[in-house]
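# Commentary on secondary and tertiary structure
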Amino acid sequence: MSDKKMLTASLSPHIKSPKTTTAIMLDVIVALIPSLVAAVFIFGYRALAVTGVTVGTCVISEYISRLVMKRRNTIGDLSAVVTGIILAFNLPSTIPLWMAAFGSLVAIVVVKQMFGGIGQNFVNPAIAARIILMVSFPTAMTASFPNAFAWKNETIDAITSATPLAALKSGGEIPAIRDMLLAKSGSLGEVCAVTLILGGVYLVIRRVISPVIPLFYVGTTAAIMLVYGAVKNENAVMFMLCQILGGGLLLGSIFMATDYATSPISFKGKIIFAIGCGVITSVIRLFGNSAEGVSFSIIIMNILVPHIDRLTTPRPFGTVKEKKHKKASDEKEATA
Amino acid sequence: MSKLSAGMVKVVKKVRGGVHVSHSKNTAEIESVRIPTPQKVVIPMQMHIGAPCVPCVNVGDTVAVGQLVGDSTAYVSAPIHASVSGVVKAVGDIPLPNGNISKAVTIESDGEMRLYDGVKPPTVETREDLIKAVRDSGLVGLGGAGFPTHVKLNVPKGKIDTLIVNAAECEPYITVDYRECLENSWDILSSIKTIKELLEIPNVVIAVENNKPEAIKILSAIAAQEDEGKDEIRVMPLSSRYPQGAEKIMIQSATGRQVPPGKLPSDVGCIVMNVGSVAFIARYLKTGKPLVSRSLTVDGSAVKEPKNVRVPIGISIGEIIDFCGGFSEEPYKIITGGPMMGLAVTDTDLPILKQNNAILVFSEKEKLKNETECIHCGKCAAACPFSLQPTAIERYEKIKDVEALKKAGAMVCMECGSCAYSCPAGKPLVQVMRLAKKVIKEAGDKK
């Protein structure tokens, strides 16, 4: 052989799936876009402004924190963009823009980068930021949800109304199912159930998320609400549907509870996690002060993920359960 | 594959995980061709798992095709024969593709491919005859592992109830086993019948991935015919999901049994043989010509004319690539074996070993992306057919926690590469697994 060019030697495998982190994040963004478009239709350009501010702040603060920490820059993986969009989806469209920027800063710098960046955060950055904003600025965060399409009505300044969940809790008027599916009052990204489900289906088809968490989360909540509705002698089905479509459950279960870094790895772990989210959400919504409980339930379950992971580690191929006990007893004998 | 016709059998128990890899079986429809006799061959004395052979020829000796050039007294080993006729030019150390140093016999060919006088069909009437004949043939597992076949076959009578013939060929690109099924299907069946009869194995399962419907059709038709309606030799179509062809996975698919860590297939009543090895036995019993040549797939983006080639053992990789039209692009990486588990070699002068089933040449386009941070997506754990959690093992490996590594099953890993393939962060997880095994082994050595 004449050409003696050095060849590259590396360990197998020599081919890799085209699904990189960036490709996955891009898929999530694609899945979020229909809901963003819906938000702009429902709340006007203000929705776009809020999203622009959160995404911009997230990306810039991620860039600066990596720079300050002298670490390889990671804005190219698009995860900061995803965090930005999801945070915006959790805010009312009327929120002052500086608050949105503050929330983004908290999400990226405190929750994500200070714990080591992508994959290392122990709670979902967008949810943590939303909770911090809710506690810090309760009025701006919860009291001013504009009506759907109020922005188009120029004669009246953005009429605000209670979200379907708040109405349900206080005994107010519950909107029709059709409105809850398409456009209701609420946070920016939670108001159109149809586009959220569309995004979820896209993510499942693209194998970005497994449908286990959304199905078990929504399923658990639905079951509890049905029982509660029946016990309270209300229209149980209507009550259940309003609980599922009326608040942030779909947004939370499809886009936030499925966050890789803060959800369990194994199939069993995912089920436990999702059922836990469903139970906590229901308990908060039914017996708590707040009408909404999705954020808190997910963040509580986020914290339990390492333990769920440890408890649900599958048994390696070919090993048997008895082995562990036998080994333990062997050791006991040895020490005895 | 829902419809099963005569001579077929369903998978008993599916294995979890695995990955969808591109099939890239570009050479499937091309008839195998024989390479012209090379001017020289370099025959290493270590082409199998087990003890290396000791050269039994000297520089200057004249040898003929099929003549013994190396043998070992160790039980786990396989004799080595001259693959061309000619004169021994050197007996010395050479580097192997895996980086180890081995003795090797270099033979300069006289171009005649003269067959050795001692080559004649063996008389095989009993189990012992068969095992001896297989040993004399120098046969090792042709699917890639290179385990001496006679050792595999030598298990106590009655211990084995299922012979699994592995024609899954789940690695991308490789089509040698497929071509074997099409071109030598009668050899495969005749060999199966001999092994089945002499080793008294009641069931035979030929496992083929369902992306090879032609092979399934032909083999099941012949099996149904040869079997005379006893339904003891059957074809099992597998889903096309890597790594269906892995030994332990195949055993679970065919019998529902799991081979415990550190145990052999025979411990659960199975023998798994590569289809090429099986077909070779039939030819050996007919002609007595030992394993001196083999077929392999030459493919990849940087090869001009991908094809299946029959080559003498010990021919250089470079010569085979030249025969396939040479490089179409600057080669970036050359792999012996498949892209999922094969070995990247550094030099085209390296010889072809008995167990090499492919040469793949990749151009710079196939360069892998740099590693980024783990995003904790769990794709590696979902892909692992053995239910391991590579990210957890990586954590334990970093802190050298031997007990945690053992418990996490690091030793169970077969390095199929499904985890690393599916990792969006491009982490070299197979490397992590090997390091983890090393940590466990070193801790064991210290004790």
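Everything numeric in this text was worked out from a predicted model, so none of it was measured. (Residues numbered from 1 in each chain as written. Chains lettered and ligands numbered in written order. Predicted model: local features only at pLDDT ≥ 70, side-chain atom pairs only at ≥ 80, totals over all residues. Heavy atoms only, no water.)

## Comments concerning the sheet that holds strand β5 (residues 68–71) of chain B
All names here are of chain B. Spatial strand order, β3-β5-β6: three strands in an open sheet with antiparallel pairing. Each edge of the open sheet is held by one strand with a lone partner, namely β3 (54–55) and β6 (80–81). Judged from the two bridges that link them, β5 and β6 form a sheet pairing that is antiparallel. Paired with Gly70 across the strands is Ile80, a residue of β6. (Pairing = 2+ DSSP bridges. Helix = DSSP H or I, 4+ residues; strand = E, 2+ residues; numbered from the N terminus.)

## Side note on the packing of helix α1 (residues 21–43) of chain A against helix α9 (residues 193–205) of chain A
Residue and element names in this part refer to chain A. Here α1 crosses α9 at 170 degrees, and the two axes come no closer than 8 Å. Comparing the axis directions of α1 and α9 gives the class roughly antiparallel. In this structure, the crossing between α1 and α9 has a hand that is right-handed. Residues Asp27, Val28, Val30, Ala31, Pro34, Ser35 and Ala38 of α1 touch α9, and the partners they reach there are Thr195, Leu196, Leu198, Gly199, Tyr202 and Leu203. Of the residues assigned to the contact of α1 with α9, the class counts are nine nonpolar, three polar and one charged. (Axes fitted to C-alpha atoms, helices over the stretch in contact; angles between N-to-C directions. Parallel < 35°, antiparallel > 145°, perpendicular 65-115°, else oblique. Left-handed = near helix turned anticlockwise from the far one by under 90°. Contact = heavy atoms within 4.5 Å. Nonpolar A, V, L, I, M, F, W, Y, C, P; charged D, E, K, R; others polar.)

## Brief notes about the environment of Leu251 of chain A
All names here are of chain A. Looking at where Leu251 falls in the secondary structure, it is placed in helix α12 (residues 249–256). The spatial distance from the C-alpha of Leu251 to the C-alpha of Arg207 is 18 Å, given a sequence separation of 44 residues. Aside from chain neighbours lying at most four places away, what touches Leu251 is Phe89, Asn90, Gly189, Glu190, Leu196 and Met256.

## Points about α12 of chain A
Most of α12 of chain A is tucked away: eight of the eight residues are buried. Those residues of α12 of chain A lying buried are Leu249, Leu250, Leu251, Gly252, Ser253, Ile254, Phe255 and Met256 of chain A. (Buried < 20%, exposed > 50% of the residue type's maximum accessible area, 1.4 Å probe, protein only.)

## Notes on the interface of chain A and chain B
The interface is formed by 40 residues belonging to chain A together with 64 residues belonging to chain B. Taken together, the two surfaces of chain A and chain B that pack against each other cover about 4500 Å², and 59% of this comes from carbon and sulfur. By the criterion of area lost to chain B, the three top residues of chain A are Leu7, His14 and Phe317 of chain A, representing 20% of everything that side buries. With a shortest N-O distance of 2.9 Å, Arg72 of chain A and Glu373 of chain B are connected by a salt bridge. Taken together, the connections running from chain A to chain B amount to 13 residue pairs in polar contact (both at pLDDT 80 or more). Here the residues of the side of chain A that touches chain B sort into 15 nonpolar, 14 polar and 11 charged. (Buried area = accessible area lost by both parts, 1.4 Å probe. Salt bridge = Lys/Arg side-chain N within 4 Å of Asp/Glu carboxyl O. Polar contact = N/O pair within 3.5 Å; in protein donor to acceptor, adjacent residues only side chain to side chain.)

## Notes on the pattern of salt bridges
Oppositely charged side chains are able to pair whenever their charged atoms sit close together. All names here are of chain B. Applying the stated criterion across every chain, the model contains 32 salt bridges over all chains. With its nearest N and O atoms 4.0 Å apart, the salt bridge here joins Glu112 to Arg114. Since its relative accessible area comes to 57%, Glu112 is described here as exposed. When its relative accessible area of 36% is taken as the criterion, Arg114 is described as partly exposed.

## Focus: the environment of Ala74 of chain B
All names here are of chain B. With respect to the helices and strands, Ala74 occurs in the loop between β5 and β6. A sequence separation of 24 residues divides Ala74 from Gly50, and the C-alpha atoms of the two residues are 8.1 Å apart. Ignoring sequence-local partners within four residues, the contact set of Ala74 consists of Ala51 and Arg135.

## Observations concerning the domain arrangement of chain B
All names here are of chain B. Domain annotation of chain B identifies domain 1 (127–287) and domain 2 (379–446). Placing the centre of domain 1 and that of domain 2 at their C-alpha centroids yields a distance of 30 Å. Residue-level contacts link six residues of domain 1 with six residues of domain 2. Between domain 1 and domain 2 the total buried area reaches about 450 Å² when both faces are included, carbon and sulfur atoms providing 78% of it. Where domain 1 touches domain 2, the interface holds zero salt bridges. Scanning the region where domain 1 abuts domain 2 turns up one residue pair in polar contact (both at pLDDT 80 or more). Classifying every residue of the side of domain 1 that touches domain 2 gives five nonpolar, no polar and one charged. (Domains from an automatic or database assignment.)

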